[in-house]
Amino acid sequence: KGESSSAIIDSYRHALLPKNPGPLCKNTYPMFGVFESIFTDGGKGYLAKDSNAYLLLAGVKQDVVQSYSGWQKPFVERFNSTVRNQFAKKFNSYCGRLGDDMCNELTIQQKATMTLPEFEELLELWIVDNYHQTVHSTLRCTPHEAWKKYYKNKSPMLPSNLEYLQLPAGETRTATISGNACHLGVQINKLRYNDA
């Protein structure tokens, strides 16, 4: 079904804001700051009003590339391939790309061998201590070295409205206020919310 706007915004927030790697990481994770533009595909989450509003607030220009045109965003496609081949395939629970027959008849829940926080910790460890420390053929140095060289005599620019961009954001819901005098508030996922 594609990514939700809240997941997209979370990835934008992660890219923009300073990061503190977990205790297992040996290296720092210095990559952050406002980027000049971002190239995305035309997925529903990338084109959502909430996602676009977040980029506007951060001062980032969005360039939407045609769907199924991986050559228009080669760094992203190369990174996705590297993650699959060097990280994900090490796990018995890896199901492959959509359409691959690696999972047979088992569901993702049946194949799962770790929790989401465990997976996130391992992925961060791999990115910080492996991917960022491996020479990239196009850069002719590691991503970490390229970052340090570029910012040797300057600092990355943080968004002026950093406090606002750190807040959770995502999918907007429209709900009907219940009750004769609107005293029941709104109901979302069987929970009621009300405020004077």
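Residues numbered from 1 in each chain as written. Predicted model: local features only at pLDDT ≥ 70, side-chain atom pairs only at ≥ 80, totals over all residues. Heavy atoms only, no water.

A. Spatial organisation of the overall build of the protein chain. Looking only at helices and strands, the protein chain has 8 helices and 4 strands in total. Traced from its N-terminal end to its C-terminal end, the protein chain shows the element sequence α-β-α-α-β-α-α-α-α-α-β-β. Reported as C-alpha extents along the three principal axes, the dimensions of the protein chain are approximately 65 × 50 × 40 Å. Burial analysis of the protein chain (196 residues in total) assigns 29% to the buried set. Accessible surface computed for the protein chain: about 14200 Å², of which carbon and sulfur atoms make up 54%. (Helix = DSSP H or I, 4+ residues; strand = E, 2+ residues; numbered from the N terminus. Buried < 20%, exposed > 50% of the residue type's maximum accessible area, 1.4 Å probe, protein only. Areas by Shrake-Rupley, 256 points an atom, 1.4 Å probe, with all protein chains shown as cover.)

B. Representation of the layout of surface pockets. Computed from the structure, the second largest pocket encloses a volume of approximately 190 Å³. Together, Arg 78, Thr 82, Gln 86, Asn 130, Tyr 131, Thr 134, Val 135, His 136, Ser 137 and Pro 143 line the second largest pocket. Element by element, the count of residues in the lining of the second largest pocket is highest for helix H4 (residues 74-87), at 3 residues. In the lining of the second largest pocket, the residues fall into 3 nonpolar, 6 polar and 1 charged. (1 Å grid on protein atoms, 1.4 Å probe; cavity = no way out; pocket = protein on both sides within 12 Å on 5 of 7 lines; lining within 4 Å. Points joined across faces, edges and corners; volume = space filled by probe spheres on them. Nonpolar A, V, L, I, M, F, W, Y, C, P; charged D, E, K, R; others polar.)

C. Focus on the confidence of the model for the protein chain. In the predicted model, the protein chain carries a mean pLDDT of 86, and the fraction of residues at 70 or more is 91%. Helix H5 (residues 108-111) is the least confidently modelled element of the protein chain, averaging 70 in pLDDT, while helix H7 (residues 143-150) averages 94, the highest of any element. (pLDDT = per-residue confidence, 0-100.)

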